[in-house]
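Structural overview
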Amino acid sequence: MSILSPDTLAELEKQSIELPSWAFGNSGTRFKVFGTPGTPRDPYEKIADAAQVNAYTALAPSVALHIPWDLVDSFDDLRKHAEDHGVTLGTVNSNTFQDDDYKFGALTHEDPAIRRKAIDHHLACIDVMDATGSRDLKIWLAEGSNYPGQADLRGRQDRLQESLEKIYARLGDDQRLVLEYKFFEPAFYHTDVPDWGTSYAQVSALGDKAMVCLDTGHHAPGTNIEFIVMQLLRLGKLGSFDFNSRFYADDDLIVGAADPFQLFRILFEVIRGGGLNNPDVAFMLDQCHNVEDKIPGQIRSVLNVQEMTARALLVDRDALTAAQKSGDVLAANAVFMDAFYTDVRPALAQWRESRGLAADPMAAYAASGYQQRIAEERVGGVQAGWGA
């Protein structure tokens, strides 16, 4: 008898994790971007690679785009290409961090002409959304300052609000603006959207179609991320996750690699707060596979999220509540830890086979020959990305 109940399996079957197109391109650090054989040469090949992840896991039916990295002549054609590969086009991510004009800010810049340029870029992203059928415009701003006195902190917040209002006004009825926060980098003294509170304040002022994006790698060490998850779900403003893993800063490593228990705790609060399989709370990866192969890296990532979701669903909520209400500290903790330490991998493998999937998606992909084929066929691919 499986340790995963029919109700748990039903929840897992509905789970969906969006993949980032840029994860399939070359990436690296400020020191070096390493090339990988088989790197996609255009957005079409990124989509084809992402479709491999979904084919082996049934967990990743959509692919997020990054503009201008994923610009094509026809987004209608790219949309059809995605559908032909069994996936859809998802979140559209803007980019205001690779243009010299934005050295001292984009949506927050002192110069109204530069702010207008950044706003127009976001309006162009919404045009892309109209063509792809995407719901979410995700905004991450690499804006801030390095030295005290360099910038007017209050003025930048005011200009940010004004810029966001212009972007928000262009959204369609079924579209959303999702504002991501990050506590530092590339700015080091202050960042214009450094934390969930700033993002929440900005999007709350915009309206119901503006939400917060929580990137698990965008917090100071020791931050209780699951508390933030709880609070944003409680406030009805958690729009999306960017899942990844970090040891020191924004490492963008495979989710769950550094702290599987943290991922478990986050997913427990997602379940507790009604965020699991909630269409208003999008799950997405935001990772860069600098030294490992891209497609297996994404397969491992979505499987890690699935595994920790399964474990979090095993928490005996009745026993946990009883222990909490009675003040039995150790019993409550034991309920939590029992679920976390339960090895669900054999049950998940058996369940995959029952659905016509490979029990071990990593091994099945490795045996497929796809990685070897693209390495031979694709020459000179640099699509990403940080290396582009």
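Residues numbered from 1 in each chain as written. Predicted model: local features only at pLDDT ≥ 70, side-chain atom pairs only at ≥ 80, totals over all residues. Heavy atoms only, no water.

Take the overall build of the chain next. Looking only at helices and strands, the chain has 14 helices and 12 strands in total. Computed over C-alpha atoms, the radius of gyration of the chain comes to 21 Å, within 12% of the 21 Å expected from 2.2 N^0.38 for 388 residues, which places it in the range of a compact globule. On the principal axes, the C-alpha backbone points of the chain span a range of 65 × 60 × 40 Å. Taking all 388 residues of the chain together, 55% fall into the buried category. Considering only contacts within the chain whose residues lie at least 6 apart along the sequence, 78% involve residues at least 24 apart. Carbon and sulfur atoms provide 52% of the accessible area of the chain, an area that totals close to 16900 Å². (Helix = DSSP H or I, 4+ residues; strand = E, 2+ residues; numbered from the N terminus. Rg over C-alpha atoms; globule rule 2.2 N^0.38 Å. Buried < 20%, exposed > 50% of the residue type's maximum accessible area, 1.4 Å probe, protein only. Contact = heavy atoms within 4.5 Å. Areas by Shrake-Rupley, 256 points an atom, 1.4 Å probe, with all protein chains shown as cover.)

In the numbering used here, UniProt assigns the feature "domain: Xylose isomerase-like TIM barrel" (unreviewed entry) to residues 74-220. For residues 74-220, the end-to-end C-alpha separation is 41 Å, with 41% helix and 17% strand making up the annotated structure. (UniProt positions renumbered as here; feature names shortened; annotations may be inferred.)

Further remarks concern the pairing of strand S4 (residues 62-66). Of all 5 residues in S4, 5 are buried; the element is thus mostly enclosed. The two faces of S4 match: Ser62, Ala64 and His66 on one face and Val63 and Leu65 on the other face are all buried. As defined by bridge partners, strand S1 (residues 19-20) adjoins S4 across 2 bridges and the pair is classed as parallel. What sits directly across from Leu19, in S4, is Val63. Note that S4 and strand S5 (residues 88-93) share 4 bridges and pair parallel. The partner of His66 across the bridge, within S5, is Asn93. (Pairing = 2+ DSSP bridges.)

Note that the residue after Ile67, namely Pro68, is joined by a cis bond; omega there is 20 degrees. Topologically, Pro68 is positioned in the loop between S4 and helix H3 (75-84). Between Glu185 and Pro186 the backbone carries a cis peptide bond, its omega angle lying at 10 degrees. Within the fold, Pro186 resides in the loop between strand S8 (176-180) and strand S9 (190-191). The backbone of Asp252 shows a phi angle near 55 degrees, a positive value even though the residue is not glycine. Here Asp252 is to be found in the loop between strand S11 (238-243) and helix H8 (260-272). Phi is positive for Asn277, close to 55 degrees, though the residue is something other than glycine. With respect to the helices, strands and loops of the structure, Asn277 is situated in the loop between H8 and strand S12 (282-285).

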